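The chain contents come next:
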Amino acid sequence: MEIERKFLCNKPDFELSVYKKANIIQYYVSTEPVIRIRRSDNSFFLTIKSKGSVSRQELEMEISEKEFDNLVKLTDKAPVSKTRYFIPLENSLTAELDIYDGTLSGLFTVEVEFESLEDAVSFTPPEWFGKDVSEDNRYKNSSLYIKGLPE
């Protein structure tokens, strides 16, 4: 089960180079159901997600680069491309700040994953987080992949 909240934000005014990061590209083989393939640096994953917003089922498995390359052939759009920074928060939480490039350049989002729905609901975001878009399907990566930036 994946339980997370997602926020829009501006580029933080603190130094990002001190945090761990990953360069991510992801494609969608399907958006209903969501079947995503992702390259995160030199690791490759196949992920299947159920419908939902803050809470939904997720199955993720590591795949080989060859499997990834073969699955890319089943897609017909440019990938979602972003750099993800892992920023520690209080209570052992991590903010995953995504700075998008390519067709989504200028978009900054931040996600936080939680152990329980209660934790997600009671979470008070730091000041640098912006609008909560957890329930706004336009900001799901699968929607960004198909439709691009919301107006």
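Right, let's walk through the structure included here. (Residues numbered from 1 in each chain as written. Predicted model: local features only at pLDDT ≥ 70, side-chain atom pairs only at ≥ 80, totals over all residues. Heavy atoms only, no water.)

## As for the overall build of the protein
For the record, the criterion: Starting at the N terminus, helices and strands are each numbered in turn, a helix being any DSSP run of H or I of at least four residues and a strand any DSSP run of E of at least two. With C-alpha atoms as the basis for the radius of gyration, the globule rule is written as 2.2 Å multiplied by the number of residues raised to the power 0.38. Throughout, exposure labels follow a simple rule: accessible area from a 1.4 Å probe, protein chains only, divided by the maximum for the residue type, with under 20% read as buried, over 50% as exposed, and the rest as partly exposed. Note on contacts: a residue pair is in contact if any heavy atoms of the two residues lie within 4.5 Å. All accessible-area figures derive from a Shrake-Rupley calculation using a 1.4 Å probe, and residue coverage is judged against the displayed protein chains alone.
Scanning the protein from terminus to terminus reveals 3 helices and 9 strands. Each helix and strand of the protein, placed in order from N terminus to C terminus, yields the pattern β-β-β-β-β-β-α-β-β-β-α-α. For the protein, whose C-alpha radius of gyration is 15 Å, the value lies close to the compact-globule estimate of 15 Å for 151 residues. Along the first, second and third principal axes, the C-alpha set of the protein runs to 40 × 30 × 30 Å. The 151 residues of the protein split such that 46% are buried. Expressed as a percentage of contacts within the protein between residues at least 6 apart in sequence, the contacts between residues at least 24 apart total 58%. Roughly 8,700 Å² of accessible area belongs to the protein as shown, and the carbon and sulfur atoms make up 48% of that amount.

## Observations regarding the nonpolar core
This is how the line gets drawn: In these notes, a set of buried Ala, Val, Leu, Ile, Met, Phe, Trp, Tyr and Cys residues joined through side-chain atoms within 4.5 Å is what counts as a nonpolar core.
Grouped together as the largest cluster of nonpolar side chains are 19 residues, with contacts concentrated most on L89, L97, V110, V112, F114, F123 and F129. Broken down by secondary-structure element, the contributors of at least two residues to this core are strand 1 (2–8), strand 7 (80–88), strand 8 (94–101) and strand 9 (108–113). Once you skip the residues sitting within four places of it in the chain, F114 turns out to touch I3, E4, R5, L93, D119, A120 and F123. Counting 18 residues, the second-largest nonpolar core is a separate cluster that includes F44, I63, L107 and V133.

## Considering the side chain of S30
Condition: Pairing of N or O atoms within 3.5 Å defines a polar contact, subject to two protein rules: one partner must be a possible hydrogen donor and the other a possible acceptor, and residues neighboring in sequence count only if both atoms are side-chain atoms.
Assignment of secondary structure puts S30 in strand 2 (residues 20–31). Residue S30 is classed as buried on the basis of its relative accessible area, which comes to 19%. Reaching out from S30, the side chain makes a polar contact with the backbone oxygen of P33 at a distance of 2.7 Å.

## A short note on the packing of aromatic side chains
Defined as follows: Stacked, tilted and edge-to-face are the three classes assigned to paired rings of Phe, Tyr and Trp, where Trp is represented by its six-membered ring and a pair needs centres within 6.5 Å; plane angles under 30 degrees give stacked, over 60 edge-to-face, the rest tilted. Charge-over-ring contacts are defined here by two conditions on Lys NZ or Arg CZ: a distance within 6 Å of the ring centre and an angle within 35 degrees of the ring normal.
Scanning all chains against the criterion turns up 10 aromatic pairs. Centroid distance F44 to F68: 5.2 Å. Interplanar angle 50 degrees. Geometry classified as tilted. Within this pair, whereas F44 is found in strand 4 (residues 43–49), its partner F68 is found in helix 1 (residues 65–72), the two being separated by 24 residues in sequence. For the pair shown, F44 and F68 are each scored as buried. Members of the aromatic cluster, connected to one another through ring pairs, are F7, F14, Y19, F114, F123, W128 and F129. Above the plane of the ring of F86 lies K20, whose end atom (NZ or CZ) is 5.4 Å from the centre.

## Considerations on a nonpolar patch on the surface
Short version of the rule: Patch membership requires over 30% relative accessible area and the absence of a salt bridge. Like charges are linked within 9 Å, and nonpolar side chains (Val, Leu, Ile, Met, Phe, Trp, Tyr) within 5 Å. Within this document, salt bridges are pairs made up of a side-chain nitrogen of Lys or Arg and a carboxyl oxygen of Asp or Glu, the two lying within 4 Å of each other.
A grouping of I48, L59 and M61 is seen on the molecular surface, where their side chains present a nonpolar patch of about 240 Å² in accessible area. Residue placement: M61 occurs in strand 6 (residues 58–63).

## Observations concerning the side chain of S40
Its place among the elements puts S40 in strand 3 (residues 34–40). Apart from residues no more than four positions distant in its own chain, S40 is found in contact with A22, N23, I24 and F45.

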